[in-house]
Amino acid sequence: MTKSVDAPEVLEEIELRGVELLTNPLYNKGTAFTEEERDDLGLWGLLPPHVDNIHGQINRAYQAFEMEPSDLEKYIFLRNLQDHNEVLFYRLLMEHIPEMMPIIYTPVVGEACQKFSHIFRQRRGIFVSYPDRHRIPEILNNVPCRKVRVIVVTDGERILGLGDQGTDGMGIPIGKLSLYSLCGGIDPATTLPIILDVGTDNEERLEDPLYIGWRNRRIRDQRYDDFVEEFVENVVAKFPGVLLQWEDFANRNARRLLERYRDRLCTFNDDIQGTAAVAVAAIMSALKVSSMQEADQNYVIFGAGSAGIGIAELLETSLMHKGLSRTQARERIWLVDRYGLIHSETPDLQEVQRPYARDLGKLSFGGEARTELGLLEVVRGARAGVLIGCSGQGNAFHQDVVEAMAANCERPIIFPLSNPNACCEGEPAQILAWSGGRALVATGSPFGPVSLDSGISSIEIGQCNNCYIFPGVGLGVIASGATRVTDAMFMKAAIALSELSPALSRPGASLLPALSDIRAVSNKIAFSVGMEAVKSGLSDPAIDSEEALSARLEKTMWYPRYKRFKFRSS
Ligand code: NAD
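A brief report on the enclosed structure follows. Given the structure is predicted, the values throughout are model-derived calculations rather than measurements.

### What about the overall build of the protein?
Assigned secondary structure in the protein consists of 23 helices and 16 strands. Taken against the 2.2 N^0.38 rule, which gives 25 Å for 570 residues, the C-alpha radius of gyration of the protein at 24 Å falls within 12% of a compact globule. Considered along the principal axes of its C-alpha atoms, the protein spans approximately 80 × 60 × 50 Å. Put simply, the protein has 570 residues, and 58% of those count as buried.

### Details of the packing of aromatic side chains
Counted by the stated rule, this structure contains 15 aromatic pairs. A network of ring pairs unites the aromatic residues Tyr27, Phe33 and Phe565 as a single cluster. Across from the ring centre of Tyr130, 4.0 Å away, lies the NZ or CZ of Arg133, which sits over that ring. Positioned above the aromatic ring of Tyr356, the side-chain terminus of Arg330 is 5.9 Å from the ring centre.

### Overview of the packing of helix 13 (residues 251-261) against helix 15 (residues 306-321)
Between two packed helices, the angle of one axis relative to the other and the distance separating the axes together describe the packing. Closest axis-to-axis distance for the helix 13/helix 15 pair is 10 Å, and the angle between their directions is 40°. Judged by the angle between their axes, helix 13 and helix 15 are oblique. Of helix 15, the residues touching helix 13 (which contributes Asn251, Ala254 and Arg255) are Ser306, Ile309, Gly310 and Glu313. Classifying every residue of the contact of helix 13 with helix 15 gives 2 nonpolar, 3 polar and 2 charged.

### Here we look at the sheet that holds strand 11 (residues 413-416)
On the basis of which strands lie adjacent, the open sheet formed by 7 strands has the order 9-8-7-10-11-12-15 and mixed pairing. Here the strands that pair on one side only, and so sit at the sheet edges, are strand 9 (340-341) and strand 15 (462-463). Sheet analysis places strand 12 (residues 440-443) next to strand 15, joined by 2 bridges and oriented parallel. Bridge pairing in strand 15 links Thr443 to Gln463. In this fold helix 14 (residues 270-290) packs onto strand 7 (299-302), strand 10 (386-389), strand 11 and strand 12, with an angle of close to 155° to the strand it touches most, strand 11.

### Re the site of the ligand
Around the ligand, the structure places 21 residues, and the nearest of them are Arg158, Ala307, Asp337, Cys464 and Asn466. Between the ligand and Arg158, the relevant distance is 2.3 Å, taken from an oxygen atom to a side-chain nitrogen or oxygen of the residue. Within the side chain of Gln393, a nitrogen or oxygen atom sits 3.2 Å from a nitrogen atom of the ligand. Burial of the ligand by the protein amounts to 84% of the accessible area it has alone, namely 860 Å². Here the residues of the shell around the ligand sort into 6 nonpolar, 12 polar and 3 charged.

### Considerations on the sheet that holds strand 2 (residues 126-129)
Paired through backbone hydrogen bonds, the strands of a sheet run either parallel or antiparallel to each other. With parallel pairing, 5 strands are arranged side by side in an open sheet as 2-4-3-5-6. Each end of this open sheet is capped by a strand with a single partner; those strands are strand 2 and strand 6 (266-269). Here the strands of the sheet are splayed against their neighbours by 20° on average, with no regard to which way each runs. Inspection of the sheet shows strand 2 paired to strand 4 (residues 191-197) by 4 bridges, in the parallel sense.

### As for the pattern of salt bridges
Per the stated rule, a full pass over the model turns up 37 salt bridges. The partner of Glu138 in a salt bridge is Arg135, with the nearest N and O atoms 3.6 Å apart. Looking at Arg135, the relative accessible area reads 38%, which means it is partly exposed. Arg264 is paired through a salt bridge with Glu229; the nearest N and O atoms lie 2.8 Å apart. Within this pair, whereas Arg264 is found in the loop between helix 13 and strand 6, its partner Glu229 is found in helix 12 (residues 221-238), the two being separated by 35 residues in sequence. It is possible to trace a salt-bridge network through shared partners that takes in Glu157, Asp201, Glu203, Arg217, Arg220 and Arg252.

### Some points on helix 13
Residues of helix 13 that are buried: Asn253, Ala254, Arg255, Leu257, Leu258 and Tyr261. If you follow the buried residues of helix 13, they end up packed against helix 12, strand 5 (243-246), strand 6, helix 14 and helix 15.

### Topic: the nonpolar core
Core analysis: the largest hydrophobic core is formed by 117 residues, its most contacted members being Leu78 and Phe415. It is helix 14 that contributes the most residues to this core, 11 residues altogether. In this structure Phe415 touches Ala279, Ala282, Ile283, Ala286, Leu387, Ile388, Gly389, Phe397, Leu440, Val441, Ala442 and Leu511, once residues within four positions along its chain are discounted.

### Remarks on the packing of helix 12 against helix 13
Packing of helix 12 against helix 13 leaves a shortest axis separation of 12 Å and a crossing angle of 45°. With respect to their mutual orientation, helix 12 and helix 13 come out oblique. Read as a crossing pair, helix 12 and helix 13 show a hand that is right-handed. Residues Tyr224, Asp225, Val228, Glu229 and Val232 of helix 12 form the contact with helix 13, whose participating residues are Asn253, Arg256, Leu257, Arg260 and Tyr261. Split by residue class, the contact of helix 12 with helix 13 holds 5 nonpolar, 1 polar and 4 charged.

### A short note on the side chain of Glu247
Position of Glu247 among the secondary structure elements: in the loop between strand 5 and helix 13. Taking relative accessible area as the criterion, Glu247 reaches 1% and is therefore assigned buried. In this structure the side chain of Glu247 is engaged in a polar contact, spanning 2.6 Å, whose partner is the side chain of Gln245. Apart from the residues within four sequence positions on either side, Glu247 is in contact with Tyr105, Val152, Val153, Thr154, Ile172, Lys176, Asp270 and Asp271.

### Considerations on helix 22 (residues 518-535)
If you check helix 22, its first and last C-alpha atoms are 26 Å apart, about what 18 residues at 1.5 Å a residue would give, namely 26 Å. Those residues of helix 22 that fall on the buried side of the exposure criterion are Ile518, Arg519, Val521, Ser522, Asn523, Ile525, Ala526, Ser528, Val529, Gly530, Glu532 and Ala533. In the core, the buried residues of helix 22 are packed alongside helix 5 (86-95), helix 6 (97-104), helix 10 (171-184), helix 20 (470-480), helix 21 (487-498) and helix 23 (546-556). Positive backbone phi, at 75°, marks Gly537, one or two positions downstream of helix 22.

### Digging into the side chain of Ser285
Structurally, the position occupied by Ser285 is in helix 14. Those residues in contact with Ser285 that lie beyond four places of it in its chain are Ser498, Ser501, Leu504 and Leu511.

### Points about the environment of Arg338
If you trace the backbone, Arg338 turns up in the loop between strand 8 (333-337) and strand 9. Between the C-alpha atom of Arg338 and that of Glu372, which follows or precedes it by 34 residues, the distance is 9.7 Å.

### A word on the environment of Ser501
In this structure, Ser501 sits in the loop between helix 21 and helix 22. For the pair formed by Ser501 and Ile518, sequence separation is 17 residues and the distance between their alpha carbons is 12 Å. Excluding residues that lie within four positions of it along the chain, Ser501 makes contacts with Ser285, Ser510, Leu511 and Leu512.

Conventions used here
Residues numbered from 1 in each chain as written. Predicted model: local features only at pLDDT ≥ 70, side-chain atom pairs only at ≥ 80, totals over all residues. Heavy atoms only, no water. Helix = DSSP H or I, 4+ residues; strand = E, 2+ residues; numbered from the N terminus. Rg over C-alpha atoms; globule rule 2.2 N^0.38 Å. Buried < 20%, exposed > 50% of the residue type's maximum accessible area, 1.4 Å probe, protein only. Phe/Tyr/Trp six-rings, centres within 6.5 Å; stacked < 30°, edge-to-face > 60°. Lys NZ or Arg CZ within 6 Å of the ring centre and 35° of its normal. Axes fitted to C-alpha atoms, helices over the stretch in contact; angles between N-to-C directions. Parallel < 35°, antiparallel > 145°, perpendicular 65-115°, else oblique. Contact = heavy atoms within 4.5 Å. Nonpolar A, V, L, I, M, F, W, Y, C, P; charged D, E, K, R; others polar. Pairing = 2+ DSSP bridges. Near = heavy atom within 4 Å. Polar contact = N/O pair within 3.5 Å; in protein donor to acceptor, adjacent residues only side chain to side chain. Areas by Shrake-Rupley, 256 points an atom, 1.4 Å probe, with all protein chains shown as cover. Salt bridge = Lys/Arg side-chain N within 4 Å of Asp/Glu carboxyl O. Core = buried A, V, L, I, M, F, W, Y, C linked by side-chain atoms within 4.5 Å. Left-handed = near helix turned anticlockwise from the far one by under 90°. Expected span 1.5 Å × (residues − 1).

Right under this line is the structure:
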């Protein structure tokens, strides 16, 4: 459904010429400007004489990429290319998605954020710093793009599993928006990465003379809330209808901000809702592969933070679609956190955890006398068929836990989702070895295939990457003109993704589609999300049929392709 690469060039009249044109990454074509354009746009002498095409440029850029000696330098190279020529950047990425996605996003973006102040070359997006709070309207007015449609914002407090990175967390909104354009075909000219710089409690940053952020401890409480409120009010006034994605906020703020704003603008939190959708999609696919019934299973979620609770909530909805009552659905879901099984007397029980808290007195397996029940006891006692890890605790799925899962059912579903690799709850090769090759595994970070039976068969490990969900959701929201992002849209996205699982038709295949198919996947998800917007009355009234939505999707989906430029004097 995506547009063909070699469609005829579109002619665009522009008011840029000379160096000003060459330094604008949205318009710059570098050596691919034709002689006619060089005449018209005042480019003679500013470029080498050879006129190239995009294929030659991609080859050259790929060679240069390969010559970079480390992943971090590859990241710097790609970011530099993005800041000079966006079409070439995205075309290069599109031709090498599996190789380059881990560079522009997890895991390498994590290292890039840790060193962001040291590798900082050029601005991208906007920096909204607490001391400048009275200037927010002015800051938004300075945004060069007038038709912003997607914003990704972070305050840098919980960057991946790496904690507080302060302003250096800006690497995350930049990376996420690159994935919006790469995977979901969102025009990069309409995207805006934002860092809310409210200080940092990271001592290393505060003491680093090269740190580019506001050198102050994090402001919290009412001052924080007032600042975020000021920001959101101004964003809505300046860019009405914009889709605003909250990203990598600490647990203490992530849920609160989502609840506060979800009915006031078009917004969602990817760590909660996007993670839930991709995990539930992979669970649904794995259940189909294993011929187990969703409503009959018990689900253990290890790590009941933003991601874990998001997954629990979407699972609950999914189980209710299968005919269970809300109470029955919640009884199928077991949360295990740092104090073991979450129950009504767990210390510091959060409101969002409470619906899943167990009454120890009613447990059929030994809870009465003890308040701490560990993962192994829960897996055994609940007879779990599905185990999800989002605790950030590396190798927490010990051999006895995996063996207990394998004793519970024929094809245990085990997803260690924590990132980066060092935080992953279990190595796929070990999980497969300990389960006699029977486990169905997906991970948060990328892992290579695992060979079994002395190399006779090979199992692909699907990566439960949020990039399968949020670009498609964003595309569907924008194309349908939806005014809100609802949980039902994420449920539809999960169902659409689960139907595309290669494991449904090929034994040993990944539970999730190949990253090289990501644009087609996003398109399918966008269609489901857009139809949900239509059904719930949230869409643009002009989108009143499947055909109208398909046509709008086709029109909205951007493809990185050079245009032919002609100068227009103002
Ligand atoms: P979070 O801080 O909100 O939650 C982490 C939870 O783990 C907390 O409730 C914490 O108490 C719990 N925990 C800590 N130590 C524990 C222990 N020893 N045993 C059990 N639980 C323990 O963070 P989050 O946003 O939920 O992310 C958690 C992890 O999931 C991160 O590593 C993140 O990278 C990963 N994640 C993966 C994906 C994905 O694969 N698509 C998406 C989002 C998050």
